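Spelled out, the chains give:
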Amino acid sequence: ALPNGEVMKIGTAANGKIGVELALQEKPDLIICDIMMPELDGYGVLHILGKNPETATIPFIFLTAKTEKADLRKGMNLGADDYLTKPFDDTELLNAIETRLRKNALLKKYDPSPQGFDEFIRDASQILNLKDLGKDKKLKVFKKKTEIFAEGDSPANVYLVKSGNIKVFKSHPDGKE
């Protein structure tokens, strides 16, 4: 049982294909997934669930023996919320689960609408004592591939992303992105 009295239901799947089917049916609060699985690997599971609006926001943690940096980058670029490698410490896994569930609950608190954004601004202003936050807000629509914020700029805006993807690039001193 969880601290609030709710009972947590845990499910397992024998392979990635069954895991996707169960996630689409059950809409779990969190998914922990291996990468190397029969039928459909973990990357495929994340890709499919990430394309479905009903499952795209479910916190997704990879728990895998794949330790190469390229594997981690691929998982994170596909949208994984965390990437833990085997062998793992039980405390590490529990902390990752707690963090992802807490973050997801916070994100669900605010409706992705102008009214929800206003509520977020109000709460953030009170908590952080930011009296001018949101004072001169403007609605802007950006076209695909538009640069919104460049590395090195001073942050001057808060953005509500209703649809689409945001890509983050960071330049290395040798010029690589």
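Right above here is the structure, for reference.
Small disclaimer: the values here were computed from a predicted structure and weren't measured.

Caption draft 1: Main features of the overall build of the protein chain. The secondary structure content of the protein chain amounts to five helices and three strands. Counting from the amino terminus, helix and strand elements in the protein chain follow one another as α-β-α-β-α-β-α-α. Here the protein chain holds 177 residues, and 24% of them are scored as buried. At a minimum sequence separation of 6, the contacts of the protein chain that also span at least 24 residues come to 46%.

Caption draft 2: Broad picture of the sheet that holds strand β3 (residues 82-85). Taken in spatial order, the three strands of this open sheet run β1-β2-β3, and their pairing is parallel. On the outer flanks of this sheet lie β1 (31-33) and β3, each paired with one strand and no other. Here the strands of the sheet are splayed against their neighbours by 20° on average, with no regard to which way each runs. Inspection of the sheet shows strand β2 (residues 60-64) paired to β3 by four bridges, in the parallel sense. Considered in β3, the bridge of isoleucine 61 is made with aspartate 82. The strands touched by helix α2 (residues 42-51) within the sheet are β1, β2 and β3, with β2 carrying the most contacts at an inclination of about 175°.

Caption draft 3: Representation of the nonpolar core within the structure. Counting residues in hydrophobic clusters, the biggest one holds 14 residues, and the most contacted among them are Ile31, Cys33, Val45, Leu49, Phe60 and Phe62. Mapped onto this core, the elements with two or more residues apiece are α1 (16-26), β1, α2 and β2. Residue contributions to this core peak at four residues, all from α2. Those residues within four positions of isoleucine 31 in sequence are excluded, and the remaining contacts are Ala23, Leu49, Ile58, Pro59, Phe60 and Ile61.

Parameters at a glance
- Residues numbered from 1 in each chain as written.
- Predicted model: local features only at pLDDT ≥ 70, side-chain atom pairs only at ≥ 80, totals over all residues.
- Heavy atoms only, no water.
- Helix = DSSP H or I, 4+ residues; strand = E, 2+ residues; numbered from the N terminus.
- Buried < 20%, exposed > 50% of the residue type's maximum accessible area, 1.4 Å probe, protein only.
- Contact = heavy atoms within 4.5 Å.
- Pairing = 2+ DSSP bridges.
- Axes fitted to C-alpha atoms, helices over the stretch in contact; angles between N-to-C directions.
- Core = buried A, V, L, I, M, F, W, Y, C linked by side-chain atoms within 4.5 Å.

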